[in-house]
Amino acid sequence: MIHFAGLKAVGESCAQPQLYYHNNVYGTLVLTEVMSQANVKQLVFSSSRYRLWRIAYHQYSEDFPLGAINPYGRSKAMIEDILRDLSDADKISQTERPWKIALLRYFNPIGAHESGMIGEDPNGIPNNLMPYVAQVAIGKLAQLSVFGDDYPTPDGTGIRDLYPCGRSGQRPYQGHRPH
């Protein structure tokens, strides 16, 4: 099972934390219960790099300390803990078919496949940068505002890491196994 379902807007999570905990955490509990009943115990979970504390302004690494600073990130943290507990419980009881879980941690995947078959065109005002930029480029939104001028970068603005989405399958393994 590949679990990509969940709410993901940080600002919205701060305004409506119960919605995020109910949808993301409770929804995952229901999913794992149904999976257990069906004896399907292989799961790839779409987590978030919001689980990793920011350390300076360089590449993230899986050995960074874990933490979260908003309800969205905390909901992902809780889910990772739940999945880790499921895996540990099966190891303790030496279950014949134990959970096999992989955690994917990444920031806002963006873009579209060159064929145009997949991409992102959200309804309303986008929460992520690239769909917002795309809507400004086609005139759907009037302008893009840049906030912050005190980051330790040459022009004082934040840095975004970009990677061509069509090549994601060619990258080294980026997942994290709970144990």
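Here goes a summary of the coordinates provided. (Residues numbered from 1 in each chain as written. Predicted model: local features only at pLDDT ≥ 70, side-chain atom pairs only at ≥ 80, totals over all residues. Heavy atoms only, no water.)

## Remarks on the environment of Ser87
No. 1: Residue position: Ser87 is located in helix α3 (residues 71–92).
No. 2: For Ser87, a relative accessible area of 8% gives the class buried.
No. 3: For the pair Ser87 and Ile101, spaced 14 residues apart in sequence, the C-alpha separation works out to 7.5 Å.
No. 4: Setting aside residues no more than four positions away along its own chain, Ser87 makes contact with Trp99 and Ile101. (Helix = DSSP H or I, 4+ residues; strand = E, 2+ residues; numbered from the N terminus. Buried < 20%, exposed > 50% of the residue type's maximum accessible area, 1.4 Å probe, protein only. Contact = heavy atoms within 4.5 Å.)

## What to know about helix α2 (residues 17–37)
No. 1: Over its 21 residues, α2 runs 29 Å from end to end, which matches the ideal 30 Å to within 8%, given 1.5 Å per residue.
No. 2: Within α2 the residues assigned to the buried category are Tyr20, Asn24, Val25, Thr28, Thr32 and Met35.
No. 3: In the core, the buried residues of α2 are packed alongside β1 (2–3), α1 (10–15), β2 (42–46) and α3.
No. 4: A positive phi of about 60° marks Asn39, the residue just after α2. (Expected span 1.5 Å × (residues − 1).)

## Remarks on the environment of Lys76
No. 1: Summarising the element assignment, Lys76 is placed in helix α3.
No. 2: We classify Lys76 as buried; its relative accessible area is 6%.
No. 3: Sequence separation of Lys76 and Tyr20 is 56 residues, and the distance between their C-alpha atoms is 9.6 Å.
No. 4: Engagement of the side chain of Lys76 in a polar contact is seen with the backbone oxygen of Ser46, the distance being 2.7 Å. (Polar contact = N/O pair within 3.5 Å; in protein donor to acceptor, adjacent residues only side chain to side chain.)

## Side note on the pattern of salt bridges
No. 1: Evaluated as defined, the whole model comprises three salt bridges.
No. 2: Residue Asp90 is joined to Lys41 by a salt bridge in which the shortest nitrogen-to-oxygen separation is 3.1 Å. Taken as a pair, Asp90 in helix α3 and Lys41 in the loop between α2 and β2 lie far apart in primary sequence, 49 residues in all. Here Asp90 and Lys41 have matching classes, each one buried.
No. 3: Measuring nitrogen to oxygen at the nearest pair gives 3.7 Å for the salt bridge that ties Arg84 to Glu80. Residue Arg84 and its partner Glu80 are located together in helix α3, separated by four residues, close to a single helical turn. The same class applies to Arg84 as to Glu80, namely buried.
No. 4: Several salt bridges share partner residues, and in doing so they unite Glu80, Asp81 and Arg84 into one network. (Salt bridge = Lys/Arg side-chain N within 4 Å of Asp/Glu carboxyl O.)

## A closer look at a nonpolar patch on the surface
No. 1: A cluster of nonpolar side chains, contributed by Tyr26, Leu29, Val30 and Val34, occupies part of the molecular surface with about 330 Å² of accessible area.
No. 2: Relative to the elements of secondary structure, Val30 occurs in helix α2. (Patch = residues over 30% accessible without salt bridge, like charges linked within 9 Å, V, L, I, M, F, W, Y side chains within 5 Å. Areas by Shrake-Rupley, 256 points an atom, 1.4 Å probe, with all protein chains shown as cover.)

## Thoughts on unusual backbone geometry
No. 1: Of note in the backbone geometry, Asn39 takes a positive phi value of approximately 60° without being a glycine.
No. 2: Along the chain, Asn39 falls in the loop between α2 and β2.
No. 3: On the accessibility criterion, Asn39 (38% relative accessible area) is partly exposed.
No. 4: Of note in the backbone geometry, Gln94 takes a positive phi value of approximately 50° without being a glycine.
No. 5: Following the sequence through the fold, Gln94 ends up in the loop between α3 and β3 (100–104).
No. 6: For Gln94, a relative accessible area of 71% translates into the label exposed.

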